[in-house]
Amino acid sequence: MPKTPHGGSLGGTWGVSQCPVGCLGVPLGAVSITPRAVPGGLWGHLGGRRPCGGVCHVTRAAWRRPWGPEAEVAPRRRRGAAVTLVGTGGMGCPEGPGDCQKGPLPTMFLLPCSALALLLLICLALEPPPRHPSPSNPAFRLFQREFLLGYLPALAADWLQGPLLFQLLQRRGFLRSQIAALYSCGFASNVAFGLVSGVFVDRLGRKKSCVLSSVLCSVSCLLQLSQDFLALAAGRVLAGLGTSLLFSAFESWYIHEHLERHDFPAEWIPNTFSRVALWNSGLAVAAGLVAELLAEGLALGAVAPFLVAVPFLAVSGIFAGKNWDENYGKSRPCSKACGEGLRGLLSDPRALLLGLVQALVDSILLIFAFLWTPVLEPHGIPLGIAFSGFTAASAAGSALFRRGVTGRLRLQPLRLLPGSILLLALALLVLALPMPLPATVDFLAVLLLQLSCGIYFPTMAFLRRRLERGGDRAGGVRWLRLPFSLGVSLVLPALPWDPAGIGRVFGAAALAALVALGAAGGILGTTQGDEGLRVGDEGLLEGDTVE
């Protein structure tokens, strides 16, 4: 009975997936290596470690096949590359003994690290200085600090769950269609609950909703320890509900306390949310690095970031529960709230077009959130560091927006919106190319996509805020997003997984981006001469880009 390098027994009915065979001490010449997906998991037998410097893992075969010459192995391969390796007598890796830890791995490690360092320097160079000094009122500073101490740990926990979710489920041995179904559970619950989250938070109480968000996300993280599909599906549903509360309850609690209980000037609110945005970018970059350190550097496995997120959620929930006062919103029927938003959206063609752009782009980003790991992982790029690079690229895009709008160029958000969507479409078209792409090209395309998002989000926030002009069309935008996002969630498990199929998915996403580009052009054409949608000589007003 063969043994793993860590002393685990493989038994007589184990197959190997995505592993150069020498990791298990089996001569490469004894096996035929062919690409094949294998469900079930033996990750625990390896103690959570990945031999060969983090290149492979082992799974239990669903079919009965004895260990020996018939064992089948599916090594990692570049997107679009066929694998038909037959042994050469080396110890496991195609290039010979020990090459699992050599070859392209240093390059694949340096690529995201170099991009991350460069993007962080760009952010520092482009970030314009603050236009107004921070309020020095001691009571306000204390109140702001209490809010940040409750909110930032929850944001850190949310980011920690992002880099390695796909990898965790893949190592558990689930098929990609099953992983897609789990992602769909999270996407659908988040979007559907988003329709009523505002009314729910107002009725339950905003402080209670903040604590509930921490509880739901904590349970979701703990359920990632399970190997059961239904338990993991429940975890994704809870994560969707908790995330929806995270991005509604905390901010609505703060605004009510700021204005109603403490009676601070409304002009100070953007100061707090600007600090939140700055901290959020830093936490996102740090989360990817911490996830990589825990999973690969300390060999604790892909579940480790989820477990580390639980104490952050506990700190957030306990701090908010003990130190924050409760407040409630206006009690109104859910149907009335949604109906008012929908009527407001339909009454203005510009708002309708803007909502269409947002719905299309959000749907594209849902697809990307699922596919970025299958695109980059076969190249051997460390996923946690790549994730940090994404968030740094997004932060660089936001810095470009602020510099372009407030600097000497005086770019207008109305023109930046189609520009950002055009960059998004170009990135998707590169990923859709029907040919094997080098790791550098794939990674740069993903960074370009994230850079475009960094420009898009503050642009969209500016235009939405100016178009609403005190009205409430948020409910209408959620209704517009619902069919698109639920459609993506339903289609996700049926997506093709061959390289050509993934390319076609990105091609369809690029077409959707071009439709969004046309809608953005329509907004530009219908708002000519509207000074309310332009940035004046005074530059961005406080709160213009705060969602």
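Before reading on, note that the structure itself is shown above.
Let us look at the structure shown here.

Cut-offs and rules
- Residues numbered from 1 in each chain as written.
- Predicted model: local features only at pLDDT ≥ 70, side-chain atom pairs only at ≥ 80, totals over all residues.
- Heavy atoms only, no water.
- Helix = DSSP H or I, 4+ residues; strand = E, 2+ residues; numbered from the N terminus.
- Buried < 20%, exposed > 50% of the residue type's maximum accessible area, 1.4 Å probe, protein only.
- Contact = heavy atoms within 4.5 Å.
- Areas by Shrake-Rupley, 256 points an atom, 1.4 Å probe, with all protein chains shown as cover.
- Salt bridge = Lys/Arg side-chain N within 4 Å of Asp/Glu carboxyl O.
- Axes fitted to C-alpha atoms, helices over the stretch in contact; angles between N-to-C directions.
- Parallel < 35°, antiparallel > 145°, perpendicular 65-115°, else oblique.
- Left-handed = near helix turned anticlockwise from the far one by under 90°.
- Nonpolar A, V, L, I, M, F, W, Y, C, P; charged D, E, K, R; others polar.

In terms of regular secondary structure, the protein is built from 17 helices and two strands. Taking all 547 residues of the protein together, 54% fall into the buried category. Contacts in the protein between residues at least 24 apart in sequence constitute 84% of all its contacts with a sequence separation of at least 6. Within the structure as shown, the protein displays about 22,800 Å² of accessible surface, and the carbon and sulfur contribution to it stands at 65%.

A side chain with one charge can pair with a side chain of the opposite charge if their charged atoms come near. The final tally for this structure, using the stated rule, is six salt bridges. Linking Arg171 and Glu296 is a salt bridge whose minimum nitrogen-to-oxygen distance equals 3.0 Å. With Arg171 in helix H4 (residues 165-171) and Glu296 in helix H9 (residues 269-297), the pair connects residues that are 125 residues apart, well separated along the chain. Assessed through its relative accessible area of 2%, Arg171 is described here as buried. The partly exposed category is assigned to Glu296, whose relative accessible area is 24%. Among the salt bridges present, the one from Glu326 reaches Lys208, with a minimum N-O distance of 3.2 Å. Residue Glu326 is located in the loop between helix H10 (304-323) and helix H11 (334-346), and its partner Lys208 is located in helix H7 (residues 206-223); the two are separated by 118 residues in the primary sequence. For Lys208, a relative accessible area of 39% corresponds to the partly exposed category. Several salt bridges share partner residues, and in doing so they unite Glu257, Arg261 and Asp325 into one network.

Angle between the axes and distance between the axes: these two values describe a pair of packed helices. Where helix H12 (residues 349-376) meets helix H17 (residues 499-526), the closest approach of the two axes is 9 Å, and the angle between their N-to-C directions is 155°. If you check the angle between H12 and H17, you find them roughly antiparallel. Where H12 crosses over H17, the handedness of that crossing is left-handed. Side by side, H12 and H17 meet where Arg350, Leu353, Leu354, Leu356, Val357, Leu360, Val361, Ile364, Ile367, Leu371 and Val375 of the first sit next to Val505, Phe506, Ala509, Ala512, Ala513, Val515, Ala516, Ala519, Ala520, Gly522, Ile523 and Thr526 of the second. Each residue belonging to the contact of H12 with H17 can be placed in one class, and the counts come to 20 nonpolar, two polar and one charged.

All right, on to the packing of H12 against helix H13 (residues 383-406) then. Between H12 and H13, the least distance of the axes is 11 Å, while the angle of their chain directions is 130°. Taken as axis vectors, H12 and H13 run oblique relative to one another. Between H12 and H13 lies a crossing of right-handed hand. In this structure, H12 uses Trp372, Thr373 and Leu376 to contact H13, whose residues at the interface are Leu383, Ala386, Phe387 and Phe390.

Remember that the coordinates give geometry; whether it matters functionally is a separate question.
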